[in-house]
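Structural overview
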Amino acid sequence: MTEHPLIDRIEPVLQRLPAISKPDGHVHFRRKLTWTIGVLLIYFVLTNVRLFALSPASQDLFGFYRAIMAGSQGSLVQLGIGPIVTASIILQLFKGADIIKLDTSDPRDQSVYQQLQKLLIFVMIIVEAAPQVLGGFLKPDPTLAASTGLGLGGISLLIFIQVCIGGVLILFLDEIVTKWGIGSGVGLFIVAGVAQGLVTGTINWAADPTTGLAVGWIPRFVQIFQTFTVQQLLSTQGLIFLLFQGDVLAIISTVAIFAVVVYVETTRIEIPLAHSSVRGARGRFPVKLVYASVLPLILVRALQANIQMVGILLYNAGFTWVGTYQNNQPTSGLMYYLAPINGPNNWLPGLAQNPAWQVALRSGIDISVMVIGGVIFALFWVETTGMGPKAVSEQIKDSGMSIPGFRRDPKIIERVMQRYIPKVTVIGGAFIGLLAVIAGFFGTIGNVGGTSLLLAVSITYQLYEQLANEEVMEMHPMLRTFLGE
Amino acid sequence: MSSAGLVRYYESEDKNAIHIPPRSIIVACILSAVIILALNFMFG
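Residues numbered from 1 in each chain as written. Chains lettered and ligands numbered in written order. Predicted model: local features only at pLDDT ≥ 70, side-chain atom pairs only at ≥ 80, totals over all residues. Heavy atoms only, no water.

**Regarding the overall build of chain B**
Helices and strands together make up the secondary structure of chain B, namely one helix and one strand. Here chain B, with 44 residues, has 43% of them falling under the buried criterion. Total accessible area on chain B is roughly 2,500 Å²; 70% of this is exposed by carbon and sulfur atoms. (Helix = DSSP H or I, 4+ residues; strand = E, 2+ residues; numbered from the N terminus. Buried < 20%, exposed > 50% of the residue type's maximum accessible area, 1.4 Å probe, protein only. Areas by Shrake-Rupley, 256 points an atom, 1.4 Å probe, with all protein chains shown as cover.)

Structure (structure tokens):
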């Protein structure tokens, strides 16, 4: 076990943190599916439970990052997966930079690591809920404060408690899906939010207050074709109108992301494996182009979101030196340059409010942050999740497999893996970061955001692969024993 | 070990930890929702 004075000191607290009990034996595929769907339904119910005593004048601090953070503004799950994501960033950075020295192959350190992340999530729930209440984003209802005699302070405390309860419930719902269901709660909640956004952005016929046109692109198309003639729409101005106001660009961008992500998910280098003692037993170890998965991208975007939230809180408190905001959108100062691009309105000449050089600088910073951040977090991710060359070579050796033509020494297998894994991780991290920025530049249906859509498509694809695997394992129970379940 | 999400859960778990059955969380979710909806209905 690794020695760590601070962790040793808090270990008694870590040991007592609650955890969802694990299933005793094998959970049948149908039961896993029931738990997953059940949690999803509960999540949708929670997003519709409006916080008690909340004033309608409240604002969403998460704003444009809502799709990544999941949850819903003004609801019991106001925080969404925000605390989980933020705690994960801190832990990844600390572990990646070797500040927290824990050997995740050691059972005791594993237990410490997973309890430490839970403690950090509990802390983050408070850290993220408090500024929303104290900073005036979640406002108490003044009439209720007067009629109940609790005062504004008492009502604010009530709101704070509800938000914290919601945060804890999300944490445990995620744990239920991981232990009893399929995939993870975090992935499920992101997909749920993005899917809801896409459906609303397609069929919602309610009028958008700024443009007066329907929110959904289908009713909007009907409105446009009823108002204008085909000749008018085919003129240069008409085509530009269709492209931006008619959401044609967003539709093209959404379809393109779907296609590219599914293609990229299937792109991989396969390293041949053969069983050392069972003749003819062959396999392949796939090193996918997106080897570290798309999850590290959430961390990069969440880091940007957290910086913006600090900016908004400072601006609301009267500090304008970090930047100014309009409707929670940065308009000038350092925060303007650090904010990611959210659709053509932020960069296209004629639509963007700021001078061209400012837009160019902001775009450059966004691309650099996403590409470099994507690479760094992907590398950290691979190390902390046991997907690195050393861990993989151990796994291959333990399963009795080896690479044909090479000695059965884990060191030799590690050397072969070293040739591929780090390079693919870097290329994959940079590629997926760039893809997310491009998607962000062109916008998406329902304004769900490029990164969120990319995450949702990739998570859904992986969920589909997992579902297929689970089904195969149910049909062939022998496979389960072979895979060590 | 599960590698599906942002939160990592390993096979080895502390035996001293307080174990909560998953059903209790579902009940807690429903209870919180019902209480808040009732409060909203009574005072809203």
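**Observations regarding the nonpolar core**
Grouped together as the largest cluster of nonpolar side chains are 116 residues, with contacts concentrated most on Leu46, Leu173, Ile176, Phe189, Phe285 and Leu454 of chain A together with Leu6 of chain B. By residue number, the principal contributor to this core is helix 7 (residues 151–180) of chain A, which donates 12 residues. Discounting chain neighbours no more than four positions away, the residues touching Leu173 of chain A are Val39, Ile42, Leu46 and Phe189 of chain A together with Ile25, Ile26 and Cys29 of chain B. (Core = buried A, V, L, I, M, F, W, Y, C linked by side-chain atoms within 4.5 Å. Contact = heavy atoms within 4.5 Å.)

**Things to note about the packing of aromatic side chains**
Describing an aromatic ring pair means giving the distance of the ring centres and the angle of the ring planes. Tallied over the full model, the rule gives 15 aromatic pairs over all chains. For the ring pair Tyr113 of chain A and Tyr10 of chain B, a centre distance of 6.1 Å and an interplane angle of 75° mean the geometry is edge-to-face. Of the two residues, Tyr113 of chain A sits in helix 5 (residues 107–134) while Tyr10 of chain B sits in the segment before strand 1 (19–20), which places them in two different chains. Since its relative accessible area comes to 2%, Tyr113 of chain A is described here as buried. Consider the rings of Tyr461 of chain A and Tyr464 of chain A, whose centres lie 5.9 Å apart with planes at 55°: the pair is tilted. A residue pair is termed a helical-turn pair when its members lie 3 or 4 positions apart in one helix, as Tyr461 of chain A and Tyr464 of chain A do in helix 18 (residues 450–475) at three residues. Judged by relative accessible area, Tyr464 of chain A falls into the exposed class, the value being 54%. Members of the aromatic cluster, each reached through a chain of ring pairs, are Tyr43, Phe44 and Phe189 of chain A. (Phe/Tyr/Trp six-rings, centres within 6.5 Å; stacked < 30°, edge-to-face > 60°.)

**Quick word on the sheet that holds strand 6 (residues 401–402) of chain A**
Residues and elements named next belong to chain A. Across the sheet, three strands lie side by side as 3-2-6; this open sheet has antiparallel pairing. Two strands close off the open sheet at either side, each with one partner strand: strand 3 (282–288) and strand 6. Two strands pair when backbone bridges link them, and strand 2 (residues 268–275) and strand 6 are joined in this way by two bridges, in the antiparallel orientation. Counted as the bridge partner of Ala274 is Ser402 from strand 6. (Pairing = 2+ DSSP bridges.)

**Some thoughts on the interface of chain B and chain A**
Facing the 33 residues of chain B at the interface are 56 residues of chain A. Buried area between chain B and chain A, both sides added, is near 3,900 Å², and the carbon and sulfur share of it is 66%. When the area that chain B buries against chain A is broken down by residue, the three leading residues are Leu6, Tyr9 and Tyr10 of chain B, summing to 20%. In this assembly, chain B and chain A are joined by zero salt bridges. Along the contact surface separating chain B from chain A lie eight residue pairs in polar contact (both at pLDDT 80 or more). Listed by contribution, the elements that provide at least two residues to the side of chain B that touches chain A are strand 1 and helix 1 (22–43) of chain B. Among the elements that make up the side of chain B that touches chain A, the one with the highest residue count is helix 1 of chain B (14 residues). When its residues are assigned to classes, the side of chain B that touches chain A shows 21 nonpolar, seven polar and five charged. Direction of pairing for strand 1 (residues 19–20) of chain A relative to strand 1 of chain B: parallel, over a ladder of two bridges. Each bridged residue has a counterpart across the sheet, and for Ala19 of chain A the counterpart in strand 1 of chain B is His19 of chain B. (Buried area = accessible area lost by both parts, 1.4 Å probe. Salt bridge = Lys/Arg side-chain N within 4 Å of Asp/Glu carboxyl O. Polar contact = N/O pair within 3.5 Å; in protein donor to acceptor, adjacent residues only side chain to side chain. Nonpolar A, V, L, I, M, F, W, Y, C, P; charged D, E, K, R; others polar.)

**A few points about the pairing of strand 3 of chain A**
Residues and elements named next belong to chain A. Pairing between strand 2 and strand 3: seven bridges, direction antiparallel. For Ala274, the partnering residue across the bridge sits in strand 3 and is Arg282. Between strand 2 and strand 3, which pair antiparallel in sequence order, lie six residues; one of them, Gly280, sits at a positive phi of approximately 90°.

**What about the pattern of salt bridges?**
Residues and elements named next belong to chain A. As enumerated under the stated definition, the model contains 10 salt bridges over all chains in all. A salt bridge links Arg66 to Asp60, with the nearest nitrogen and oxygen atoms 3.0 Å apart. Look at Arg66 and you get buried, because its relative accessible area is 13%. In this structure, a network of salt bridges that share partners links the residues Lys118, Glu175 and Lys179.

**Remarks on the confidence of the model for chain A**
Residue-level pLDDT values for chain A average 90, and 98% of them are 70 or greater. Here helix 19 (residues 477–482) of chain A is the element of chain A with the lowest mean pLDDT, 66, and helix 7 of chain A is the one with the highest, 96. (pLDDT = per-residue confidence, 0-100.)

**Let's talk about the pairing of strand 5 (residues 329–332) of chain A**
All names here are of chain A. As paired elements, strand 4 (residues 324–326) and strand 5 share three bridges and run antiparallel to each other. Looking across to strand 5, one finds that Gln326 is bridged to Gln329. The turn joining strand 4 and strand 5, which pair antiparallel and follow one another in sequence, is formed by two residues; a positive phi near 50° is taken by Asn327.

**Considerations on a nonpolar patch on the surface**
Together, Val199, Ile203, Ile218 and Val222 of chain A make up a nonpolar patch on the protein surface, roughly 330 Å² of accessible area in all. For the nonpolar patch, the secondary structure elements donating two or more residues are helix 8 (185–203) and helix 9 (217–227) of chain A. (Patch = residues over 30% accessible without salt bridge, like charges linked within 9 Å, V, L, I, M, F, W, Y side chains within 5 Å.)

**Overview of helix 16 (residues 389–398) of chain A**
Residues and elements named next belong to chain A. By the burial criterion, the buried members of helix 16 are Pro389, Val392, Ser393 and Ile396. Taken around the axis of helix 16, the buried residues stretch over an arc of 100°, which confines them to a single face. More than 90 degrees from the buried face of helix 16, the exposed residues found are Lys390 and Asp398. As for helix 16, its buried residues are in contact with strand 2, strand 3, helix 15 (356–384), strand 6 and helix 17 (410–442). Gly400 occupies a position one or two residues after helix 16 and carries a positive phi of about 80°. (Arc of directions from axis to C-beta.)

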